[in-house]
Amino acid sequence: MKLRLLVVCLLLSAGARADEQLLVFPPEIELRGAQASQRFVVQHVSSDGLTTDLTATAGALVADATIATTAAGRVQPVGDGETSLVVQHGDLQASVPVRVRDAGAARPPNFRLDVMPALTRAGCNSGTCHGSARGQDGFHLSLFGYDPDGDYRALTTELPGRRINLGRPDESLLLTKGLGMVPHTGGQRLTPDDELHRALLAWLELAAPPAPTDTPEVVAVDVFPPELVLIGSGVAAAEGAGTPHGVVVRARYSDGSSRDVTSLAALLSTNETSLRIGPDGRAWPGVRGEALVLARFGPLTAAIPAIVLPPESAPPPPGPPARNYVDELVDRKLARLRIQPSEVCSDAVFLRRVHLDIVGLLPDVETCQRFLADERPDKRARMIDELLQRKEFVELWVLKWAERLQVRSTNEYSYKSMLLYYQWLQKQIADGVPLNTMVRELLTASGGAFSNPAVSFYEIEREPLKLAENVAQVFLGMRIQCAQCHNHPFDRWTMDDYYGFAAFFPQIGRKAGEDPREAVIFNTASGETQHPVGGAAVPPKFLGGPRPDLAGRDRRAVLAEWLTDPHNPWFARSAANFVWAHFFGHGIVEPVDDFRISNPPSNAALLDALAARLVETDFDMRSLVRDICNSRTYQLATRAEASNAHDTRNYARAEVRRIRAEVLLDIISQVTATRDKFRGLPAGARAVQIADGSTSTYFLATFGRARRETVCTCEVVMEPSLSQALHLINGETVQRKISESGRVAGLLAEGRKPTEVLDYLYQACLTRMPTEAERTSLLAELDSETDARVVLDDLFWSLLNSKEFLFNH
């Protein structure tokens, strides 16, 4: 014993290089029961962030062999007590604590702890097998095991003696079909004497008992290591190709215990070309890319990110200095990916981009000339500040929030109520009301829709379950709909979570006001939500949080306090992501309203920093927009560099974005100096100002204006289409506006030369002067045509139909 402890002390005192790390996972090991066993992974982290699995080559020992032993990457119990697992590789060393309890007691097989995980790992309760809505071949299990009691009955009491044979457990159909010994639609799912087979057989040999009522529940699932950065093989990932890295999955239970469930968890990769997960928990890297390692165990899912770099790749050279925290965090991620960002865009490109993004208009020719001639080094920051003070900034964000709040009139929801709701929203944003205050007022609103328009939030959607889904999706960025019928297969949400959150909304009362067009919203103080499994009333519970003390309060007020609290882990992140996506074409989480474990942020540190900035500034959106637009990241060019040509997630270059429908119509009207007429608005109003989601035109519908029938951001269609191209070329909008405007004729009538009109049109439409090649070609056209107006009208039409005009570069 003394010799072993001396060795441990020598290992811990050995010198290690400061630029490298040796880590052991899990960071603490708990073994409970004689059958317990814990895999561990020894990970080397190099100075440039690369991770390597050294489990097979590192030396490992347990400080006290009377408590535990280690062999082949596992720790097993010997006697109760506490000790340490110590590992060494070269001059690097690390240790983790080991605690053993009940080493002399063997836990009997448990239906919930052993059988249900085995069925899930084997795929028996998946949506393509017995977990489908109608089951398979007469046998139905709950999808991914959301109803263990129902599954127990299906196995043991339906068709007695068919699925399990207590007299000859090894001949049970549950095993023989899984082993492929008899015909099975799902094929062979078990291997003789593997861990899944042993778990099922041991339970059957014990006469297939139900789980004891005090069986602990799974409360968390951890995947280790927390991150992988691997050198790939250069080809599509496959088992046996390249150098793998081990992964360990641990479950934590309600009684405080934990357990190694690597062999029982369902493991998968979200990008199997870059990373493939073997059944033994080893991750095999392939081509360059990013992936998630997902682990599903019981009702819960956890994930870790993985980066796969190309063989023989080198870190990029240092780039230009960061302008703010946005650049620092983007650059840090790019450096890890060994990607070089593109150069900063030109002044002309910046000016056009920032106008379209902040106010939804193009800079006029005078602004363009003034800005390009300005030699002050801070002229871009000055322009951003100037644009943030314009009313068009407010109008653009009113449009975006009106889409998320489904502001539109229907047969049930009057036009007057809709208009008042829109005007309320406009005033909130124009007055700079903090976002959390605005949302709190929405969620707690009571009274008539005419006197308190915020109550329209509860008039547009009346069904409590749908209302809960909308609140989660709009304000928390979560799509919890999947958990209505079964535990979410790729996120943390269970049916209990879903109905617990829905329980905040069944006590909302509605009645007609004196004016039949007006609805009155009030708290009924009665009404409950029933769980579909068992039919019991479900008390309100915060998503991912505790059950609150309602103490006779309006449930909506309690929910609003939690949801808008600065410490809420999702509200600020969802809002920051929504703002970021507007300026980059896609969110750090994309889609922006689909936060889940299997869809993590492309840059979690950046999203956290943006959310912290929102909280720090009391949810002032202008401050966040200012930070984003002043960053070098926002001002990068769209031209790709060799290393970032295929990157679409990490903001190494600007994205070419099609301009949204309302803004596109507005800028066509702007440069042609024509006016549009929309319902409820005076002639000359902008499409961005349309209050009613039910109001549209052929142009707006063709280019993807949201109908606001759902809260999903996917209603806004940003992808180009053939019908859009045909309408621009052959439709009436562009040609009619050019003809109505007489813009070219008017410029010529002012005494401007054709070459001056040419320059003016380029600056008005594209915020730049024509290139030499363009000028030469157009001058030749002007020389060959007696009527310069014909050539310039054709040029005007061509510019309005060009990709450079229709897209934000």
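What counts, and at which threshold
- Residues numbered from 1 in each chain as written.
- Predicted model: local features only at pLDDT ≥ 70, side-chain atom pairs only at ≥ 80, totals over all residues.
- Heavy atoms only, no water.
- Helix = DSSP H or I, 4+ residues; strand = E, 2+ residues; numbered from the N terminus.
- Buried < 20%, exposed > 50% of the residue type's maximum accessible area, 1.4 Å probe, protein only.
- Contact = heavy atoms within 4.5 Å.
- Areas by Shrake-Rupley, 256 points an atom, 1.4 Å probe, with all protein chains shown as cover.
- Pairing = 2+ DSSP bridges.
- Disulfide = S-S within 2.5 Å.
- Axes fitted to C-alpha atoms, helices over the stretch in contact; angles between N-to-C directions.
- Parallel < 35°, antiparallel > 145°, perpendicular 65-115°, else oblique.
- Left-handed = near helix turned anticlockwise from the far one by under 90°.
- Nonpolar A, V, L, I, M, F, W, Y, C, P; charged D, E, K, R; others polar.
- Salt bridge = Lys/Arg side-chain N within 4 Å of Asp/Glu carboxyl O.

**Some remarks on the overall build of the chain**
Broken down by element type, the chain carries 28 helices and 27 strands. Of all 809 residues assigned to the chain, the portion counted as buried reaches 55%. In the chain, 65% of the contacts between residues at least 6 apart in sequence involve partners at least 24 apart. Roughly 34100 Å² of accessible area belongs to the chain as shown, and the carbon and sulfur atoms make up 53% of that amount.

**Looking at the sheet that holds strand β3 (residues 38-39)**
Strand order across the open sheet formed by three strands is β3-β8-β7, with antiparallel pairing between neighbours. A single partner strand is all that each edge strand has here, and the edge strands are β3 and β7 (68-71). Of the pairings in the sheet, the one linking β7 to strand β8 (residues 74-77) comprises four bridges and is antiparallel in character. What sits directly across from Thr70, in β8, is Val75.

**Details of helix α3 (residues 148-156)**
Extensive coverage of α3 is indicated by the burial of seven of its nine residues. Taken together, the buried positions of α3 are Pro148, Gly150, Asp151, Tyr152, Ala154, Leu155 and Thr156. Against the buried residues of α3 lie α2 (111-121), α4 (173-178) and α5 (195-205).

**Brief notes about the state of the cysteines**
In protein structure, a disulfide is the covalent linkage between the sulfur atoms of two cysteines. This model, assessed by the stated rule, comprises one disulfide. A sulfur-sulfur separation of 2.4 Å characterises the disulfide bridge that pairs Cys712 with Cys714. Disulfide Cys712 to Cys714: torsion about the S-S bond roughly 135°, handedness right-handed. A relative accessible area of 53% places Cys714 in the exposed class. There is no disulfide at Cys485, and the cysteine sulfur nearest it, in Cys482, is 8.1 Å away.

**Some points on the packing of helix α10 (residues 391-404) against helix α17 (residues 571-584)**
For the pair α10 and α17, interaxial distance at closest approach is 13 Å and the crossing angle is 120°. Between α10 and α17, the crossing angle belongs to the class labelled oblique. Where α10 crosses over α17, the handedness of that crossing is right-handed. On α17, the residues that touch Leu396, Trp397, Lys400, Trp401 and Arg404 of α10 are Phe578, Val579, His582 and Phe583. Across the contact of α10 with α17, the residue classes tally to six nonpolar, one polar and two charged.

**Points about the pattern of salt bridges**
In the structure shown here, the tally under the stated rule is 59 salt bridges. A salt bridge links Arg168 to Glu171; its shortest N-O distance comes to 2.9 Å. Classification of Arg168 by relative accessible area gives partly exposed; the value is 45%. With a relative accessible area of 41%, Glu171 lands in the partly exposed category. Among the ionic pairs, Arg282 bridges to Asp280, the shortest N-O distance being 2.8 Å.

**What about the pairing of strand β9 (residues 81-89)?**
Where a strand is regular, its side chains alternate between the two sheet faces. Across four bridges, strand β6 (residues 59-62) lies against β9 in antiparallel orientation. Counted as the bridge partner of Gly59 is Gln88 from β9. In this structure, β9 lies alongside strand β10 (residues 92-101), joined through nine bridges in antiparallel fashion. What sits directly across from Gly81, in β10, is Val100. Taking the residues that link successive antiparallel strands as the turn, the β9-β10 hairpin has two residues, and the phi of Gly90 there is positive, at about 65°.

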